Amino acid sequence: MKLLHIEIKKLFNIFNHSVDLKDERITILTAPNGYGKTMTLKTINSLFNKNFSFFVNLSFSEIVFKFEEDYSIQIDKIISDEISIVEFTLFQGSKKKASFKYPPKNHIKELRKHLPTRIIDEFIPDFLHRIGANEWLNEITGERLSLNEVLTQYSEYLPENISKRVNVEIPEKFLEFINNFNVYLIQEQRLVLRQPISEAKYRREVVITDTIEKYSKELSNLIQQKIGEYAQITQSLDSSFPKRLFKQNNKQINIDELKHKLQNLEEKRKKLSKYGFLKSEETSFVDYNNMEENDSKVLSLYIEDNEGKLSVFDSLINKIELFTNILNERRFNFKSIKIDNNRGFIFLSKDESILKLTELSSGEQHEVVLLFELLFKAEENSLVLIDEPEISLHVVWQKEFLNDIQEIIELQKIDIIIATHSPQIINNRWDLTVDLGESVNE
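**Q** Quick one: what's the story with the sheet that holds strand β10 (residues 144-146), residue by residue and with numbers?
**A** An order of β8-β9-β10 is seen for the three strands of this open sheet, with the pairing classed as antiparallel. Every other strand in the sheet has two partners, leaving β8 (128-132) and β10 as the edge strands with one partner each. Each strand axis lies, on average, 40 degrees off the axis of its neighbour in the sheet, ignoring direction. Judged from the three bridges that link them, strand β9 (residues 135-138) and β10 form a sheet pairing that is antiparallel. By the bridge assignment, glutamate 135 is partnered in β10 with serine 146.

Following this line, the structure appears as structure tokens:
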């Protein structure tokens, strides 16, 4: 099921936005600063990642998401006794399937009775820093949080008798529906990550990490994981090979077909060796030019086993190949990226010396991080939201962006919504744009 349309009424009490997602799987939101491009992305991300408290503090009157099969979700803002309450309703056609209000009526008043704001800091994590009587700063994300957001998002840190009053019952049908969608937001601030040092529940300190270094380690972990899976499958198949060979039927096997399959396996092994998945000695095969009919039974099972062993790398190697091709062939002129199964990715200068990842320019780091998130962080068949992809990129790179995106879409089968100011990002594809600058509420 796909998202087809988003409508936001009276955003900031000013704008009425209406967005039809494009059939080519790329939708580009354009508008001057302050018209709500980023907020539209955050609205989509917050619904599908169940950050319902986001809507409590957002200024709007109604939001409607429309989907295939005549499904829709309507979100209404209700002001009751100066407290914002948001009602979420799932429809199919005109039939209401599920509905709930967030937070429940008198939610904040009841909480304040049982948990005065002055002692909240005793329970919540250290990365939430009080900046006002009822306002906190999340030092990891940089977001400002109201009392309601702190209590709802971090209820697990509160005493049990209090957290029970905070938690909101979400209808199962509503959760089942939004769980069909995987949404991933790539934010405009991409080069630095703020993360807790420890996963311990209380007193969590924050460490600042360069995103590019973290992603290099993540790629190394992915490669090591796949190598481990390959070793397990190899051990299982090799140990049972003789037994399965004797049980194999004596069916007629075409020698030319076997030769073709062996050639494909050899090419695949060479590619895996190039990226460090296999050792070079593992790429050699039997001389298939001198095959005889008597060899066909053994070789048929041998080929079947090796196709199974190497298939564990298929998805990852396709992503790595596109990742490195874009960077080496279309982007970097005086340096190149290389895959290393122990270090993830490294960069080499023209004299083959290894560069520190943080020695790349801001634009180069933005390009690497953005491509990595699209290929390795976003899941297949997901909806990816990209905020200002043009940041720090030369205009030539901006003009190539949509071409890169189309190749990634073909591989990942993802849909993408982009928020941008840049005509170079659009690059004459105005048919993919939705101009939010035309939606001022009269």
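**Q** Kindly report on the pattern of salt bridges, identifying the contributing residues and their values.
**A** As a working rule, side chains carrying opposite charge can pair if their charged atoms are close by. This structure, assessed with the given rule, holds 22 salt bridges. In this structure, glutamate 266 engages lysine 270 in a salt bridge whose closest nitrogen and oxygen atoms are separated by 3.9 Å. In this pair, glutamate 266 and lysine 270 both sit in helix α8 (residues 255-274), four residues apart, roughly one turn of the helix. Its relative accessible area of 49% is what places lysine 270 among the partly exposed residues. One salt bridge in this structure joins lysine 335 and glutamate 364, with 2.9 Å as the shortest N-O distance. A residue pair is termed long-range when its members are at least 10 positions apart, and lysine 335 in strand β14 (residues 335-340) and glutamate 364 in helix α11 (residues 362-377) qualify at 29 residues. Residue classification places glutamate 364 among the buried positions, given a relative accessible area of 11%.

**Q** Mind laying out the nonpolar core, listing which residues take part and the relevant values?
**A** Generally speaking, a soluble globular protein has its nonpolar side chains buried in company with each other. If you look at the biggest cluster of nonpolar residues, it comprises 61 residues, and the most contacted ones within it are Phe323, Phe345, Leu374 and Ile386. Here this core gets eight residues from one element, more than from any other, and that element is α11. Ignoring anything within four residues of it in the chain, the contact list for isoleucine 386 reads Leu41, Ile186, Leu370, Leu374, Phe401, Ile405, Ile416, Ile417, Ile418 and Ala419. Membership of the second largest hydrophobic core comes to 45 residues, among which are Ile63, Phe100, Val168 and Leu383.

**Q** Explain helix α12 (residues 395-412) residue by residue, including any values.
**A** Taking 1.5 Å of rise per residue, the 18 residues of α12 would be expected to cover 26 Å, and the 26 Å separating its terminal C-alpha atoms lies within 8% of that figure. Along its length, α12 shows its largest kink, about 35 degrees, at phenylalanine 401. Inspection of α12 places Trp397, Gln398, Phe401, Leu402, Asp404, Ile405, Ile408, Ile409 and Gln412 among the buried residues, and these make up the whole buried set. Where α12 is buried, its residues touch β3 (26-30), α10 (314-330), α11, β17 (383-387), β18 (415-420) and α13 (423-426). Following α12 by one or two positions, lysine 413 adopts a phi angle in the positive range, close to 60 degrees.

**Q** Mind laying out the pairing of β8, listing which residues take part and the relevant values?
**A** As judged from the four bridges shared by β8 and β9, these two strands associate in the antiparallel manner. Within the sheet, the bridge partner assigned to arginine 130 lies in β9 and is tryptophan 136. Hairpin connection from β8 to β9: two residues lie between these consecutive antiparallel strands.

**Q** Account for the side chain of threonine 89, naming residues and giving values.
**A** Relative to the helices and strands, threonine 89 is located in strand β6 (residues 83-92). Owing to a relative accessible area of 4%, threonine 89 belongs among the buried residues under this scheme. In this structure the side chain of threonine 89 is engaged in a polar contact, spanning 3.3 Å, whose partner is the side chain of serine 99. Sequence-distant contacts of threonine 89, that is, excluding residues within four places in its chain, are made with Ser72, Ile73, Gln74, Lys96, Ala98, Ser99 and Phe174.

**Q** Talk me through the environment of aspartate 314; I want residue IDs and the actual numbers.
**A** Looking at where aspartate 314 falls in the secondary structure, it is placed in helix α10. Residue classification places aspartate 314 among the partly exposed residues on the basis of a relative accessible area of 29%. A polar atom in the side chain of aspartate 314 sits 2.5 Å from the side chain of lysine 268.

**Q** With reference to specific residues and values, describe the packing of α10 against α12.
**A** In a pair of packed helices, the angle between the axes and the distance between the axes together describe the arrangement. Following both chains from N to C, one finds α10 and α12 inclined at 165 degrees, their axes separated by 11 Å at the closest point. On the basis of the axis angle, α10 is roughly antiparallel to α12. The way α10 lies across α12 gives a crossing that is right-handed. Residues Asn318, Lys319, Leu322, Ile326 and Arg330 of α10 pack against Trp397, Asp404, Glu407, Ile408, Leu411 and Gln412 of α12.

Rules and cut-offs
Numbering of residues starts from 1 in every chain and runs along the sequence as written. Reporting of local features is limited, given that this is a predicted model, to residues whose pLDDT is at least 70; pairs of side-chain atoms are given and counted only at 80 or more, and all residues count toward the totals for whole chains, interfaces and linings. Hydrogen atoms and water are omitted, and side-chain values are computed over all heavy atoms in the structure. When DSSP finds two or more bridges between two strands, those strands count as paired. By definition, any uninterrupted DSSP run of H or I lasting at least four residues is a helix, any uninterrupted run of E lasting at least two residues is a strand, and each is numbered from the N terminus. Axis definition: a line fitted to C-alpha atoms, limited for helices to the stretch in contact. Angles are taken between N-to-C directions and run from 0 to 180 degrees. Each reported salt bridge corresponds to a side-chain nitrogen of Lys or Arg within 4 Å of a carboxyl oxygen of Asp or Glu. Each residue is placed in one exposure class: buried if its accessible area under a 1.4 Å probe, protein chains only, is under 20% of its type's maximum, exposed if it is over 50%, and partly exposed if it falls in between. The criterion is simple. A nonpolar core is a set of buried Ala, Val, Leu, Ile, Met, Phe, Trp, Tyr and Cys residues joined through side-chain atoms within 4.5 Å. Note on contacts: a residue pair is in contact if any heavy atoms of the two residues lie within 4.5 Å. Expected helix span is computed as 1.5 Å times (number of residues minus one). Values of bend correspond, residue by residue, to the angle between axes fitted over the seven residues ending at that residue and the seven starting there. Polar contact is defined as a pair of N or O atoms within 3.5 Å, subject to the rule that within protein one atom must be able to donate a hydrogen and the other to accept it, and that residues adjacent in sequence are counted only when both atoms are side-chain atoms. Oblique is the label for any angle not covered by the other classes, which are roughly parallel (under 35 degrees), roughly antiparallel (over 145) and roughly perpendicular (65 to 115). Crossings are assigned a handedness: left-handed for a near helix turned anticlockwise from the far helix by less than a right angle, right-handed for a clockwise turn.

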